[in-house]
Amino acid sequence: MSCHAGFVFSDKFTTYRFRDDHPFNQMRVILTKELLENSQALLDTHLISPRLATEDELALAHSKTYIQAVQKASKGMLSEEEGMEFGIGTEDTPMFEGMHEASKLLVGSTLSAIDAVLEGHVQHALNLGGGLHHGFERKASGFCIYNDGAVGIKYIQKKYDYKVLYVDTDAHHGDGVQWAFYDDPNVCTFSIHETGRYLFPGTGNVNERGLKEGYGYSFNLPIDAFTEDESFLYVYESALREVVEFFKPDVIVTQNGADAHFLDPLTHLSSTMKIYEKIPQIAHELAHKYCEGRWIALGGGGYDIWRVVPRAWAQIWKVMCDDIPFEGNLPEKWLEKWQKESPVPLPEYWHDPDGSYKPIPRRKEIEEKNAKILEKSLQLILNQKRFNNSF
């Protein structure tokens, strides 16, 4: 198949592993890669081998004190008390041997994707090992040690001097990336997520707009719990198209968490595979319209690693290459191999059948709430346009 995209991959992505029973499991990247290979959509010629990020590159978005703490934890030399200061050793982000090296690889894989696109080797690049959007300058959070998205955007600014639009469709608010660029007018952050009233990290309100020169360049759509496909896609696409037209980025970076699905065990949204077909199509279209195709896509959340994540993430690659999603049956070879390992029955189709979940009794109320959030967001975008045009 003809494809002007690159797929960043290393089987060492699985070394980023907290515990056997931890919900964050990079085996999902292996499952996705094999699903694509068994679908004849991914060839060896598409693969990009990632590199390790350097300490100086990590320091673009993280304090050196924090990096040193992670290095100590990686060798079992950080005390529990010291770890708590940096968010390391918590239930969400426990210490594990080799955590610094494993985390450097995930950051380096995002930098490899960025260079592949911005040096013109490919138009788009997919790094499913990345998307760890909760990491802060000096603190781990929400399964994320180093924030590859924040490091990557700082890297783009330093090396290529591009304006960056960061788009986050994870069910959890992309807090770490937002705060890293909260005062920066050359990075626009846009996140659609389940409202923080019910879900970690509790942030991402509409009124989080940025600070100082960066005021007006942060956009959030905190949608209601149990939001379904139609409402999700309506508010998402309506707002994003306005944001892109307003900001006119040089490059788009997307974080593609797959945890808004109704089967995800950690969230409360009610989407199906329909949104994971449409989300990359919108990004693909906008990247070509505004950025000469420059699009770097990252992974993110997604905790039903068997039934949801491989299908959702495979659609990103398919759209990058063909601009159309997969349809029909999943490949039998993939199903036969992985059903033996899966604790749940694997789906047979790319789509979720109608009636896959119980009807949502508050559907109309939820849609009305989301429409009001969209109305507020569109008004904020309009106000920012007027403000910018007044100078």
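Up top is the structure.
Predicted model only: the values in this text are computed from it and were never measured.

Novice: Kindly report on the overall build of the chain, identifying the contributing residues and their values.
Specialist: A count of helices and strands for the chain gives 12 helices and 8 strands. Seen through its principal axes, the chain has C-alpha atoms that stretch 55 × 50 × 40 Å. Taken across its 391 residues, the chain has 61% of its residues classed as buried. For the chain, restricting intrachain contacts to residue pairs at least 6 apart in sequence, the fraction spanning at least 24 positions comes to 77%. In the form shown here, the chain has an accessible surface area of approximately 16,100 Å², with 50% of it arising from carbon and sulfur atoms. Here the chain contributes 40 positively and 57 negatively charged side chains, and the mean placements of these two sets differ by 3 Å.

Novice: An account of the packing of aromatic side chains is requested, with residue identities and associated values reported.
Specialist: Evaluated as defined, the whole model comprises 21 aromatic pairs. For the pair phenylalanine 190 and tyrosine 236, a centre-to-centre distance of 5.9 Å together with 50° between the ring planes defines the contact as tilted. In this pair, phenylalanine 190 is assigned in strand β5 (residues 187-194) and tyrosine 236 in helix α8 (residues 229-247), connecting sequence segments 46 residues apart. For phenylalanine 190, a relative accessible area of 2% puts it in the buried group. A residue is classified by how much of its surface remains accessible, and tyrosine 236, at 1% relative accessible area, is buried. Among the aromatic side chains, those forming a connected cluster through ring pairs are Tyr16, Phe18, Phe24, Phe96, Phe143 and Tyr303. Taking the ring centre of phenylalanine 9 as reference, the NZ or CZ of lysine 33 above it sits at 4.8 Å. Stacked on the ring of tyrosine 215, the Lys or Arg arginine 209 has its end atom at 5.6 Å from the ring centre.

Novice: Tell me about the pattern of salt bridges, residues and numbers included.
Specialist: Evaluation of the coordinates by the stated rule reveals 27 salt bridges. With a shortest N-O distance of 3.2 Å, glutamate 242 and lysine 385 are connected by a salt bridge. Of this pair, glutamate 242 sits in helix α8 while lysine 385 is found in helix α12 (residues 363-389), placing the two residues 143 residues apart along the sequence. Connected through shared salt-bridge partners, Arg197, Asp224, Arg362, Glu365 and Lys369 make up one network.

Novice: Describe the environment of aspartate 264, naming the residues involved and giving the relevant values.
Specialist: By the secondary structure assignment, aspartate 264 is in the loop between β7 (251-255) and α9 (273-290). What makes aspartate 264 buried here is its relative accessible area of 5%. Separated by 41 residues in the primary sequence, aspartate 264 and isoleucine 305 have C-alpha atoms spaced 8.9 Å apart. With sequence-adjacent residues up to four places away left out, aspartate 264 is seen in contact with Ala258, Asp259, Gly302, Tyr303 and Asp304.

Novice: Now, about the pairing of strand β1 (residues 5-8): what can you tell me, with residues and values included?
Specialist: Residues Ala5 and Phe7 line one face of β1 and the alternating positions Gly6 and Val8 line the opposite face, and both faces are buried. One ladder, built from 4 bridges, connects β1 with strand β3 (residues 124-127); its direction is parallel. By the bridge assignment, valine 8 is partnered in β3 with asparagine 127. Where β1 meets strand β2 (residues 47-48), 2 bridges bridge the pair, whose relative direction is parallel.

Novice: An account of the packing of helix α3 (residues 64-74) against helix α5 (residues 99-118) is requested, with residue identities and associated values reported.
Specialist: Here α3 crosses α5 at 125°, and the two axes come no closer than 7 Å. Between α3 and α5, the angle is such that the two are oblique. Residues Ile67, Val70, Gln71, Ala73 and Ser74 of α3 lie in contact with α5, whose contacting residues are Met99, His100 and Glu101. Considered class by class, the residues forming the contact of α3 with α5 number 4 nonpolar, 3 polar and 1 charged.

Novice: Summarise unusual backbone geometry; cite the residues concerned and give the values.
Specialist: Each neighbour pair has its own omega, and for phenylalanine 200 with proline 201 the value is 5°, a cis peptide bond. Note on placement: proline 201 falls in the loop between β5 and β6 (218-223). In this structure, phenylalanine 226 is a non-glycine residue whose phi angle is positive, near 70°. Structurally, phenylalanine 226 can be placed in the loop between β6 and α8. For aspartate 323, which is not glycine, the phi dihedral falls at a positive 65°.

Novice: Hey, could you go over the environment of leucine 165 for me, with residue numbers and the actual values?
Specialist: Take leucine 165: it is sitting in strand β4 (residues 164-168). Taking the C-alpha atoms as reference points, leucine 165 and isoleucine 252, 87 residues apart in sequence, are found 4.9 Å from one another.

Thresholds applied
Residues numbered from 1 in each chain as written. Predicted model: local features only at pLDDT ≥ 70, side-chain atom pairs only at ≥ 80, totals over all residues. Heavy atoms only, no water. Helix = DSSP H or I, 4+ residues; strand = E, 2+ residues; numbered from the N terminus. Buried < 20%, exposed > 50% of the residue type's maximum accessible area, 1.4 Å probe, protein only. Contact = heavy atoms within 4.5 Å. Areas by Shrake-Rupley, 256 points an atom, 1.4 Å probe, with all protein chains shown as cover. Lys, Arg positive; Asp, Glu negative; His and termini not counted. Charge placed at Lys NZ, Arg CZ, Asp CG, Glu CD. Phe/Tyr/Trp six-rings, centres within 6.5 Å; stacked < 30°, edge-to-face > 60°. Lys NZ or Arg CZ within 6 Å of the ring centre and 35° of its normal. Salt bridge = Lys/Arg side-chain N within 4 Å of Asp/Glu carboxyl O. Pairing = 2+ DSSP bridges. Axes fitted to C-alpha atoms, helices over the stretch in contact; angles between N-to-C directions. Parallel < 35°, antiparallel > 145°, perpendicular 65-115°, else oblique. Nonpolar A, V, L, I, M, F, W, Y, C, P; charged D, E, K, R; others polar.

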